[in-house]
Amino acid sequence: MPPIFPTILAIESSCDDTAVAVVQNGRTVLASVIASQTAVHQPYGGVIPELAARQHLAVINPLVETCLTQANLTLPQVDAIAATVGPGLIGSLLVGASVAKTLSFIANKPFLAVHHLYAHVASNYLESDLEPPFLCLLVSGGHTQLIHVKSYTEMSIIGETLDDAVGEAYDKVARMMGLGYPGGPVLDALAQHGGGNPQAIALPQAKTKHPWDFSFSGLKTAVVRQWEAQTGSLETIPKQLQADFAASFQHTASNTLLKKTIACAEALGIKTISVAGGVSANSALRAGVLALQDLGYTIHIPKMGYCMDNAAMVGACAYFNPLAIDNLGLDVFSRIQG
Ligand code: KG4
Ligand code: ZN
């Protein structure tokens, strides 16, 4: 049985959000703070890795202090210090992991390394009673996977995207439609509130050789082609047309995710389903997954604050499933995966 660390100070800096949290027993969030870099990257329409790393460096130390103050704790009172070590942007990861490792030396507490995707899976343990086994639909900017979570530490990926991740497809479609960055939330808001018709644009649902795999590049290309065909000769794009595209894309993307998840859960005989990753904030996906409760499934979706990158999920993951590199001393940096 590995040692248990009840109170964990956790850091997440794998992409463009600097986040720090204190989590108790893997489930209770004492504090969770996030410094968003959206304003820094917005002018470029996407994340610039070098700017992301510099911005993490600029904000991380005061953010650790703010978090400990909010948790009403001092550094010596935490039992371990955790950080995401990959996958992610290498420069960004280095900042969070260096700070965590340094704090662990200063306070003489163990350093716990966390895998970013396992952390998203663990976001469903926060403020909930979820226990394995369950099926997790992991949907983020870089990944789309169906994961069979057999225990807190044993997981198998049983389906995944063969090309684009669903979040990536959202971001690219939003960009093409001129909706800006970050694309997913803006496209979702337009689909939800824009008054668009989800049936207005006929879009394909990709068929994959393996039924639980996903493919979103065909959907993305179909949207781009139809958008070009329908708006190419227009000087201004009618609001209704834009809303129709948003609603149709959202409908097709969320339906594909739901259909495959149900088919997979049925085939495996699993009655507990969770959703994790940034796209779990999506309104259509949340509504669709919650409706599965009527079919007898137990559903777990993270609170909105724990869907996108955050450090509370890193604290949960460090408690239940840290990577076994805490005793490697300084060598942790050679293990960071870009
Ligand atoms: O998990 P996350 O914060 O970072 C990664 O690990 O990738 O996920 C970010 C992704 C982005 O692609 C973003 O556009 C998408 O999640 N996303 C959404 C929504 N909120 C965030 N996609 C669709 N609807 C949303 N409401
Ligand atoms: Zn993420």
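Residues numbered from 1 in each chain as written. Chains lettered and ligands numbered in written order. Predicted model: local features only at pLDDT ≥ 70, side-chain atom pairs only at ≥ 80, totals over all residues. Heavy atoms only, no water.

### Considerations on the sheet that holds strand E9 (residues 272-276)
Here is the rule: Only when DSSP finds a minimum of two bridges between them are two strands counted as paired. Here a helix means four or more residues in a row that DSSP labels H or I, a strand means two or more in a row labelled E, and each is numbered from the N terminus. Throughout, an axis means a line fitted to C-alpha atoms (over the contacting stretch in the case of helices), and angles, computed between N-to-C directions, take values from 0 to 180 degrees.
Spatially, E8-E7-E6-E9-E10 is the arrangement adopted by the 5 strands of the open sheet, whose pairing is mixed. The sheet is open, and its two borders are formed by strand E8 (155-160) and strand E10 (298-300), each paired with just one other strand. The average undirected angle you get between the axes of adjacent strands in this sheet is 25°. In this sheet, E8 lies alongside strand E7 (residues 144-149) in antiparallel orientation, the contact comprising 5 bridges. Paired with Leu146 across the bridge in E8 is Gly159.

### Examining the site of ligand 1
Quick reminder of the rule: Nearness here has a simple test: a residue counts as near a molecule or strand if at least one of its heavy atoms is within 4 Å of that partner. Polar contacts, as counted here, are pairs of nitrogen or oxygen atoms within 3.5 Å of one another; within protein the pair requires one atom able to donate a hydrogen and one able to accept it, and residues that are adjacent in sequence qualify only if both atoms are side-chain atoms. Accessible surface is estimated by sampling points in the Shrake-Rupley manner with a 1.4 Å probe; for residues, cover comes only from the protein chains shown. Here the term charged refers only to Asp, Glu, Lys and Arg, the term nonpolar to Ala, Val, Leu, Ile, Met, Phe, Trp, Tyr, Cys and Pro, and the term polar to all other amino acids, Gly among them.
Around ligand 1 lies a shell of 18 residues, among which Gly141, Asp171, Asp188, Gly278 and Asn282 are the nearest. His116 has a polar side-chain atom sitting 3.1 Å from an oxygen atom of ligand 1. Interatomic distance of 2.9 Å between a side-chain N/O atom of Asn282 and a nitrogen atom of ligand 1. With the chains in place, 89% of the 550 Å² that ligand 1 exposes on its own is no longer accessible. Elements that contribute at least two residues to the shell around ligand 1 include exactly helix H4 (116-122), helix H5 (166-176) and helix H6 (183-193). Of the residues in the shell around ligand 1, the class split is 5 nonpolar, 10 polar and 3 charged.

### A few points about the environment of Leu292
Our working definition: For each residue, the accessible area found with a 1.4 Å probe, counting protein chains only, is set against the maximum for its type, and the residue is called buried under 20%, exposed over 50%, and partly exposed in between. Note on contacts: a residue pair is in contact if any heavy atoms of the two residues lie within 4.5 Å.
By the secondary structure assignment, Leu292 is in the loop between helix H9 (283-290) and E10. Classification of Leu292 by relative accessible area gives buried; the value is 5%. On a C-alpha basis, the gap between Leu292 and Ile273 in space is 9.1 Å, while along the polypeptide they are 19 residues apart. Non-local contacts of Leu292, meaning those with residues more than four positions away in its chain, are made with Leu258, Ile262, Ile273, Tyr297 and Ile299.

### Some points on the packing of helix H2 (residues 49-71) against helix H3 (residues 90-107)
Here is the rule we go by: We call two directions roughly parallel when the angle between them is under 35 degrees, roughly antiparallel when it is over 145, roughly perpendicular when it lies between 65 and 115, and oblique otherwise. Two helices crossing with the near one rotated counterclockwise from the far one by less than a right angle form a left-handed crossing, whereas a clockwise rotation gives a right-handed crossing.
Here H2 crosses H3 at 25°, and the two axes come no closer than 8 Å. On the basis of the axis angle, H2 is roughly parallel to H3. The element H2 and its partner H3 pack so that their crossing is right-handed. The residues of H3 that touch H2, namely those facing Ala52, Ala53, His56, Leu57, Ile60, Asn61 and Val64, are Gly91, Ser92, Val95, Gly96, Val99 and Leu103. Broken down by class, the residue content of the contact of H2 with H3 amounts to 8 nonpolar, 5 polar and no charged.

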